[in-house]
Amino acid sequence: MHLIERRLTDPSLYLNEIERLHRQLQKNHKLFDKKQNGAQFYQISMHRNKIAKMLASSVSNHEYKLTVCHQNWINISGKKQPLLSYPITDRIVIGALYQAILPESVSTFHDTLYSFIKGKSNYLATKSVCRHLKKTSQANNNGHLDLFILKTDISDYTNSIPISPNASIWDKLKSLMYCCDPNHDISQYHWDLILSTVRPCYYTPEGHLAQNHIGVAYGTQMTTLIANLYLSSLDHNLSMIKDLFHVRYGDDIILIHKDPETLKTAYLELKHYIKKHHLSIHPKKNQWIYLTKAGRPCTIDSSFVGQHQFNYLGFSVQADGSLRLKKQHTHQFMKKIHARIRSASHLTQKLSMDKRGSAICSAVMQAMKHDNPFNIDDLHRYYSQHDDRRQLKQMDRQIALWVAQASCGIYKQSAFRIIPYKKIRSEWHLPSLCHTRNKSSSH
């Protein structure tokens, strides 16, 4: 019996998936919305042990078959994407299948892949880039940094992966099955289960029966596995280019080298691989960057734009290797803090200046507390993912100025003459982003 088949006999895989779905639906307040044959997911979850054993037995006896799902369309980052809606039991079985395949699939991925892998994230991908910049700078006696960077991504990636019967994805999956268990062939039933998960039959919104030849639709965790697997050999190929640093997160790829010609050679290999696998690159979205600490223009190749920082995966990477959140996220955060200060100021108009200032600082403190249900969204990013202390100090000072202005009614820089910055911190106890960040990084 193949290793994947043995794993799928274990009810704990199905139980894990039921519990994961329970947490997901509970978080989205849909625990009582999801139904199958009139039964709510909550009712299925209440009998999770029994359901898990029944599904494990049905799959082990080659009896369980996925039903025809339904296609819907959703907006993701302003783009319409197809989403397949599965019955609850199908989602549980597909989730168990994903868990059964995952351990060996992760072991075949290159270290430079950071997407959809437990223990990895866009933040860790970006931090690896920061470490490379710091290491390169430290290797130079003068601490200078001169690097050439290409940021690129693949057009409509998951919707462009070929999945017709002769597509290369099936050979990749068969190789993965061999990697899982070289001594046994997977049964036809289990192979068909994988096939119907990756290339399911579905009803369109118009009621037509369809099956894709191109494109892995959203709807299950298997989509993320296919997205990682399909370009896995590209990650290994790029790692063979001497001194090339690269990271992939889904369809986002970054290449870094000290020599522009080597970088362009790597790009040609990347383009060749992408074309061979029937995908395409956004040429207009390619960013050719010459990174220095001063942001000097590139004099040896005009196709590279001189910069001292660049955006990557939602962060702003500085040439010195420090990490900031993108301006739009910082602006949103500061806007929310300012709104809290204005609200507290309005509610404390009749108090003395000291009591008013303390109350306003208390409102800011509540907004910045991890365990407060009314805190600012994504607050943790400023305490754990932002390591540019200079920017945090600037933000701290701006928040203190808003507190001073709201407390004394003078909406100018001169508000600090009436209420000193030190008093706001020490007597009114205004929290500091920079100090909190320092504390969190020391733990």
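Refer to the structure above for everything that follows.
Sequence order sets the numbering: in each chain, residues are counted from 1 along the sequence as written. With the structure being a predicted model, the display of local features is reserved for residues of pLDDT at least 70 and the display and counting of side-chain atom pairs for 80 or more, all residues being used for whole-chain, interface and lining totals. By convention in this description, side-chain values take in all heavy atoms of the structure and omit both hydrogens and water.

This part takes up the overall build of the protein chain. Comment: elements are numbered from the N terminus, with helices defined as DSSP H or I runs of at least four residues and strands as E runs of at least two. When helices and strands are tallied, the protein chain shows 19 helices and 14 strands. Taken over the C-alpha atoms alone, the protein chain extends approximately 80 × 60 × 45 Å along its principal axes. Burial here depends on accessible area, computed with a 1.4 Å probe over protein chains only, as a share of the maximum for the residue type. Under 20% is buried, over 50% is exposed, and the range in between is partly exposed. When each of the 443 residues of the protein chain is scored for burial, the buried share is 49%. Residue exposure ignores everything except the shown protein chains as possible cover, and the areas themselves are Shrake-Rupley values with a 1.4 Å probe. In the form shown here, the protein chain has an accessible surface area of approximately 22,900 Å², with 52% of it arising from carbon and sulfur atoms. In this charge count, Lys and Arg are treated as positive and Asp and Glu as negative; neither His nor the chain ends contribute. A single reference atom marks each charge: NZ on Lys, CZ on Arg, CG on Asp, CD on Glu. For the protein chain, the distance from the average position of its 59 positive side-chain charges to the average position of its 34 negative side-chain charges is 10 Å.

To continue, consider the nonpolar core. The biggest cluster of nonpolar side chains holds 80 residues, and the ones touching the most others in it are Tyr14 and Leu173. By the convention used here, residues are in contact when the closest approach between their heavy atoms is within 4.5 Å. Those residues in contact with Tyr14, other than ones at most four positions away along the chain, are Leu8, Ala52, Leu55, Ala56, Val59, Ile92, Val93 and Ala96. Buried Ala, Val, Leu, Ile, Met, Phe, Trp, Tyr and Cys residues that are joined via side-chain atoms within 4.5 Å together make up what is termed a nonpolar core.

Bringing unusual backbone geometry into the picture now. Positive phi values are uncommon outside glycine, yet His278 reaches one of about 60 degrees. Turning to its location among the elements, His278 is positioned in the loop between α12 (260-276) and β10 (287-291). The exposure class assigned to His278 is exposed, which follows from its relative accessible area of 59%. Look at His429: it is not a glycine, yet its phi comes out positive at around 60 degrees. Following the sequence through the fold, His429 ends up in the loop between α18 (421-426) and α19 (433-442).

Mapped onto the elements of the fold, Lys80 is located in strand β4 (residues 79-85). For Lys80, a relative accessible area of 59% gives the class exposed. Along the chain, Lys80 and Tyr202 lie 122 residues apart, while their C-alpha atoms are 18 Å from each other. Leaving out residues up to four positions away in the same chain, Lys80 has contacts with Trp73, Ile74 and Asn75.

What follows covers the pairing of β10. Side-chain positions along a regular strand alternate between the two faces of the sheet. Most of β10 is tucked away, with four of its five residues classed as buried. In terms of strand pairing, strand β5 (residues 147-153) meets β10 through five bridges, oriented antiparallel. Within the sheet, the bridge partner assigned to Phe148 lies in β10 and is Tyr290. Note that β10 and strand β11 (residues 305-307) share three bridges and pair parallel. Bridge pairing in β11 links Leu291 to Gln307. Two strands pair under a simple rule: DSSP has to find at least two bridges between them.

Take the environment of Asp243 next. Inspection of the secondary structure puts Asp243 in the loop between α11 (232-239) and β8 (245-249). For the pair Asp243 and Thr299, spaced 56 residues apart in the sequence, the C-alpha separation amounts to 22 Å. Residues contacting Asp243, with those up to four places away along its chain left out, are Ile256, His257 and Lys258.

It is worth spelling out the pattern of salt bridges at this point. Put simply, a salt bridge is a Lys or Arg side-chain nitrogen that is within 4 Å of an Asp or Glu carboxyl oxygen. One pass over the structure, following the stated rule, counts eleven salt bridges. A salt bridge links Arg48 to Glu19; the shortest N-O distance between them is 3.8 Å. One end of the pair, Arg48, is in helix α4 (residues 48-60); the other, Glu19, is in helix α2 (residues 11-27), and 29 residues separate them in sequence. Residue Glu19 is classed as partly exposed on the basis of its relative accessible area, which comes to 27%. Across the pair Asp235 and Arg248 runs a salt bridge, and its minimum N-O distance is 2.9 Å. With Asp235 in helix α11 and Arg248 in strand β8, this residue pair connects regions lying 13 residues apart in the sequence.

Quick look at the packing of helix α5 (residues 88-108) against helix α9 (residues 188-198) now. How two helices sit against one another is set out by the angle between their axes and by the gap between those axes. Interhelical geometry of α5 versus α9 gives an angle of 110 degrees and a closest axis separation of 11 Å. The angle between the axes of α5 and α9 places the two elements in the roughly perpendicular class. Crossing hand, α5 versus α9: left-handed. Between α5, through Val93, Ile94, Leu97 and Ile101, and α9, the contact on the second element is made entirely by Leu193, Ile194 and Thr197. Convention adopted: a line fitted to C-alpha atoms gives each axis, helices being fitted over their contacting stretch, and angles between N-to-C directions are expressed from 0 to 180 degrees. For classification purposes, an angle smaller than 35 degrees is called roughly parallel, one larger than 145 roughly antiparallel, one from 65 to 115 roughly perpendicular, and anything else oblique. A clockwise turn of the near helix away from the far one marks a right-handed crossing, whereas an anticlockwise turn of less than a right angle marks a left-handed crossing.

Counting buried residues in strand β9 (residues 252-257) gives five out of six residues, a clear majority hidden from the surface. In the sheet, β5 pairs with β9 via six bridges, with the strands oriented antiparallel. Across the sheet, Thr152 pairs through a bridge with Ile253, a residue of β9. Here β8 pairs with β9 via five bridges, running antiparallel.

It is worth spelling out the side chain of Glu104 at this point. With respect to the secondary-structure elements, Glu104 resides in helix α5. On the basis of relative accessibility, which here comes to 15%, the residue Glu104 falls in the buried class. If sequence neighbours within four positions are ignored, Glu104 has contacts with Leu3, Arg7, Leu176, Cys179 and Cys180.

The next thing to look at is the side chain of Asp388. If you trace the backbone, Asp388 turns up in the loop between α15 (380-384) and α16 (389-408). Apart from the residues within four sequence positions on either side, Asp388 is in contact with Gln318, Ser322, Leu323 and Arg324.

This paragraph deals with helix α10 (residues 222-230). By the criterion of burial, α10 is predominantly enclosed, with eight of the nine residues buried. Those residues of α10 that sit buried are Met222, Thr223, Leu225, Ile226, Ala227, Asn228, Leu229 and Tyr230.

The subject of this paragraph is the environment of His346. By the secondary structure assignment, His346 is in helix α13 (residues 327-347). Judged by its relative accessible area of 56%, His346 falls in the exposed class. Placed 14 residues apart in sequence, His346 and Ile360 show a C-alpha to C-alpha distance of 9.7 Å.

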